[in-house]
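Examination of the molecular architecture
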Amino acid sequence: MEERRQRSYSVHREILDEASVDQLAEKCDTRTSLSEKLKNLKTCSGPRLKRCILNTVPVLSWLPHYSIRENALGDLISGLSVGVMHLPQGMAYAMLASVPSVFGLYSSFYPVLIYFIFGTSKHISIGTSAVLAAMIGGVVERLTPESNFIIWDNMTNSSRVDTISRDTERVQVAATVTVLAGLFQILLGLVQFGFVVTYLSEPLVRGYTIASAINVIVSQLKYTFGISTQRHNGPLSLIYTVMDLCSLLPKTNIGTLVVSIVSITGLILVKELNGYLGKKLPVPIPVELLGIIIATVVSWQSNLQKKYGVEVVGVIPSGLQPPVFPASSLFGMVIGDAFAIAVVGYGISISLGRIFALKYGYKVDSNQELMALGLSNALGGLFQCFAISCSMSRSTVQENTGGKTQVAWVISALVILVIVLWIGALFEDLPKAMLAAIIYVNLQGIMKLFMDVPALWRSNKVDMLIWVGTFILTLLLNPDLGLVASIAFSMLTVIFRTQLPTYSLLGQVPGTELYRPLQDYNQVRQVPGILIFRSSATLYFANAEMYQNALREKSGIDITKILSAKKKLEAKIKWQESKEAKKAKKSAEDTMSPVEPNRVEQNGISFIEMDPDPNHLLPRAIILDLSTVNFLDTVGVKALQNIRKDYGEIGIDVVLACCQTGVVENLQNEGFFNGKVSKPCLFCTVHDAVLHCQSDPADDKVTHRAHSETLQETHL
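Residues numbered from 1 in each chain as written. Predicted model: local features only at pLDDT ≥ 70, side-chain atom pairs only at ≥ 80, totals over all residues. Heavy atoms only, no water.

1. Let's talk about the overall build of the chain
- For the chain, the count of helices and strands is 28 helices and 14 strands.
- Within the span of the chain, comprising 716 residues, buried residues form 46% of the whole.
- Across the chain, the fraction of contacts at a sequence separation of at least 24, relative to all contacts at a separation of at least 6, is 80%. (Helix = DSSP H or I, 4+ residues; strand = E, 2+ residues; numbered from the N terminus. Buried < 20%, exposed > 50% of the residue type's maximum accessible area, 1.4 Å probe, protein only. Contact = heavy atoms within 4.5 Å.)

Have a look at this one:
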């Protein structure tokens, strides 16, 4: 192995503090006043207007330059493939949302066209999403339980559920939640709140996704076993649902269970075949479409509903629905759910969109994505769609089949339009157990996220804690409350880490200008007479007191004890002087000093007996390395002021090093610099601060030499 090439360097410059750097670099004021900002907002030029329109409606910027030769074939094949997938997934996820299956097809049509106009991602497949559909279903069944629609049937002398009224009310609730979620997304986009996704860390999103997937699976088990259970909402709803399912297992419909087993087995086998022949097949086998076609034909020919009691999809109306304004009276009851759906939908979409953007080298605008999703949901809700986001499985198919631009979305929407207008009614005999099987198989890949736990355990235990905490909270609570609790838990881990930082005393690496923790390196040596203190966390109100306590503990300097000893010594000297003055008045000899019990004579010179100087072992200076501090609040600035004041009273100079520009501004705004404290107590590097503390105060400037030999001669 080739040895690492050794290089040396030498820097000759004066010691630089912040004031010197400001003067040398000619610091300028880059802040823009409020009046100038308002003036800029009012200014409207032609190029600025054009740029604003193109940013708001991105389709206008790329569609005129669309290359038919390069992209048309791939987009056509991709659009057809994804459109075929929209059919079974739309119907299955509509069942998750507790609305008739045809509304899943509407949700795969209108929002896709709207996102085509306003979206910035080229590869994600917008449409129905299992997680959002489950969240919508929870709201729908909470506000419109079946018990509200039980009527008496005079023909059979028994009670039954009025499914027409129930479905009408449920569609209205789902559309209302969707419109409100879209309005939230638009509002967040207008105020440039796209950064909200940064609070959804990857471990949180992945833990939330798999917990939501388990909620989805549990909610579909009733269709697998052919039993009727009440859907629970609120905390511990998952546990209650599982308990109900277990109690009703003896009532399992055997015909439905057989359909479920056969469907799941067939879907998994063909999925595995797709994976095995992935490179040999130009287009993946449309396993879900084949599955619903075969299941529908078998159900129709065998009359599964009447002979074996297998529940089927039922009537699927043809044609599109006219727009309907949502019920504003429901806004107050669903506002929390709508906000959670807005954040989750955006988080899923932007996360996947950034993955593809990074892979193919283009940019996804986070705020424009919020606007695009918001408009898709708000306008789609008017056409009785439920909330949409992107799907990993459809996005992967769109990428693998050659999709390169958003034109593929239009083609997939046209496929859905053809199905809604002419073909949808053919699937009325499709067993719901088949749709549940499609959901299970599509969530199969998400179950692999359990492998995150051992990987995070090895790499970052705090991230593993966030993953596990999010998973447990989302399972115990419903998805919307689980999301809020998970974000709060994630924030607590950040606060917890700032409350338990690592405090270190730094020493110099021999022959260099580098400083490292003394406890971590064997060859690092403390600079004589100087303490260099560093915290691994920023300094603010939550840990300011801990910072001061850690400095006192690491330095071993008890300021209170030293000041007490100093005051006692001063009082004793004052008492001695007072006693001498009194005796001087009574003394007859003017040229001789009075002799007291506390004086001793040595060689004709008298001395006052005093306690040893308590400061003889103290360092001459303390350097606070603020390289890890990225902001300071009022409490943090006061903590630094107190440190300088307290240690200054016992004769120790305290200087600051490695202050970032924002930290210097915080210090200046909070009044840290006054008549006694000025910018020369701030240094650009720890080494500048060390050289300053070692230099003679009478010297104005000392040359900084970073060459190893010079350092050894000067400081070691």
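2. Structural notes on helix H22 (residues 479–499)
- Across its 21 residues, H22 extends 30 Å between first and last C-alpha, which sits within 8% of the 30 Å expected from 1.5 Å per residue.
- Restricting attention to buried positions, one finds in H22 the residues Pro479, Asp480, Gly482, Leu483, Ser486, Ser490, Thr493 and Thr498.
- Next to the buried residues of H22 lie helix H8 (130–143), helix H10 (202–225), helix H15 (331–360) and helix H21 (461–476). (Expected span 1.5 Å × (residues − 1).)

3. Topic: the pairing of strand E6 (residues 503–508)
- When you tally the buried positions in E6, you get six out of six residues, the bulk of the element.
- In E6, alternate side chains face the same way, and those of Tyr503, Leu505 and Gly507 on one face and Ser504, Leu506 and Gln508 on the other are all buried.
- By the bridge criterion, four bridges tie E6 to strand E8 (residues 530–535) in an arrangement that is antiparallel. Bridging from a neighbouring strand, Leu506 pairs with Ile532 of E8.
- Linking two consecutive strands that pair antiparallel, namely E6 and strand E7 (residues 515–517), is a turn of six residues; a positive phi of about 75° is found at Gly511 within it. (Pairing = 2+ DSSP bridges.)

4. Some details on the packing of H10 against helix H12 (residues 254–276)
- Their axes nearest at 6 Å, the elements H10 and H12 cross at an angle of 115°. For the pair H10 and H12, the contacting residues are Tyr223, Thr224 and Phe225 in the first and Thr256, Leu257 and Ser260 in the second.
- Grouping the amino acids of the contact of H10 with H12 by side-chain chemistry returns three nonpolar, three polar and no charged. (Axes fitted to C-alpha atoms, helices over the stretch in contact; angles between N-to-C directions. Nonpolar A, V, L, I, M, F, W, Y, C, P; charged D, E, K, R; others polar.)

5. Quick word on unusual backbone geometry
- The backbone phi angle of Ser98 is positive, close to 65°, even though this residue is not glycine.
- Among the secondary structure elements, Ser98 is positioned in the loop between helix H5 (68–96) and helix H6 (102–106).
- According to the relative accessible area criterion, Ser98 is buried, its value standing at 8%.
- A positive phi is found at Asn303, a non-glycine position, where the angle reads about 55°.
- Within the secondary structure layout, Asn303 lies in the loop between helix H13 (287–302) and helix H14 (304–308).

6. Regarding the packing of H12 against helix H19 (residues 432–442)
- The geometry of H12 relative to H19 is characterised by a closest axis approach of 9 Å and an angle of 40° between their N-to-C directions. Relative to H19, the element H12 is oriented oblique. Two packed elements cross with a definite hand, and for H12 against H19 that hand is right-handed. Packed against H12, whose contacting residues are Thr256, Val259, Ser260, Ser263, Ile264, Leu267, Ile268 and Lys271, the element H19 presents Ala433, Met434, Ala437, Ile438, Tyr440, Val441 and Asn442 at the interface.
- Among the residues making up the contact of H12 with H19, the classes are represented as ten nonpolar, four polar and one charged. (Parallel < 35°, antiparallel > 145°, perpendicular 65-115°, else oblique. Left-handed = near helix turned anticlockwise from the far one by under 90°.)

7. Some points on the nonpolar core
- In terms of nonpolar packing, the biggest core is built from 101 residues, with Met91 and Ile136 touching the most fellow members.
- Broken down by element, this core gets its largest block of residues, twelve residues, from H15. (Core = buried A, V, L, I, M, F, W, Y, C linked by side-chain atoms within 4.5 Å.)

8. Topic: the packing of aromatic side chains
- Considering all chains together, one arrives at 14 aromatic pairs under this definition.
- Between the aromatic rings of Phe103 and Tyr106, the centroid separation amounts to 5.3 Å while the plane-to-plane angle is 90°, which identifies the pairing as edge-to-face. Residue Phe103 and its partner Tyr106 are both found in helix H6; the two are separated by three residues, about one turn of the helix. The residues Phe103 and Tyr106 share a single accessibility class, namely buried. (Phe/Tyr/Trp six-rings, centres within 6.5 Å; stacked < 30°, edge-to-face > 60°.)

9. As for the side chain of Asn442
- Mapped onto the elements, Asn442 comes out in helix H19.
- Taking the relative accessible area as the measure of exposure, Asn442 reaches 14% and is therefore buried.
- Engagement of the side chain of Asn442 in a polar contact is seen with the side chain of Glu288, the distance being 2.9 Å.
- Not counting residues up to four positions away in its chain, the partners in contact with Asn442 are Gln89, Tyr93, Lys271, Glu288 and Ser393. (Polar contact = N/O pair within 3.5 Å; in protein donor to acceptor, adjacent residues only side chain to side chain.)

10. Some points on the confidence of the model for the chain
- Confidence along the chain averages 84 in pLDDT terms, with 88% of residues attaining 70 or more.
- Here helix H28 (residues 708–715) stands out as the least confident element of the chain, with mean pLDDT 36; helix H7 (residues 110–118) is the most confident, with 95.
- The low-confidence segment residues 591–614 (pLDDT under 50) makes 32 contacts with residues lying over four places distant or belonging to another chain.
- Predicted confidence for residues 698–716 stays below pLDDT 50, and this span has 42 contacts to residues more than four positions away or in other chains. (pLDDT = per-residue confidence, 0-100.)

11. Details of the side chain of Gln220
- Mapped onto the secondary structure, Gln220 falls in helix H10.
- Apart from residues lying up to four places away in sequence, Gln220 is in contact with Met95, Leu96, Ala436, Ile439 and Tyr440.

12. Remarks on the pairing of strand E11 (residues 621–625)
- For E11, the buried fraction is high: five of the five residues fall into the buried class.
- Bridging between E8 and E11 involves five bridges; their strand directions are parallel. In the strand pairing of E11, Ile532 is matched with Ile623.
- Relative to strand E12 (residues 653–657), E11 is paired through five bridges, and the arrangement is parallel.

13. Points about H21
- End to end, H21 covers 22 Å across 16 residues, agreeing with the expected 22 Å (1.5 Å per residue, within 8%).
- Listed in full, the buried residues belonging to H21 are Met464, Ile466, Trp467, Gly469, Thr470, Phe471, Thr474 and Leu475.
- Where the residues of H21 are buried, they touch H10, helix H11 (237–248), helix H20 (452–459) and H22.

14. Digging into the sheet that holds E7
- Sheet architecture is open: six strands sit in the order E7-E6-E8-E11-E12-E13, paired in mixed fashion. What marks the edges here is a single partner per strand, and that holds for E7 and strand E13 (682–683).

15. As for the pattern of salt bridges
- Applying the stated criterion across every chain, the model contains eleven salt bridges.
- With a shortest N-O distance of 2.5 Å, Arg206 and Asp452 are connected by a salt bridge. Taken together, the residues Arg206 in helix H10 and Asp452 in helix H20 connect sequence positions 246 residues apart.
- Its relative accessible area of 28% is what places Arg206 among the partly exposed residues. (Salt bridge = Lys/Arg side-chain N within 4 Å of Asp/Glu carboxyl O.)

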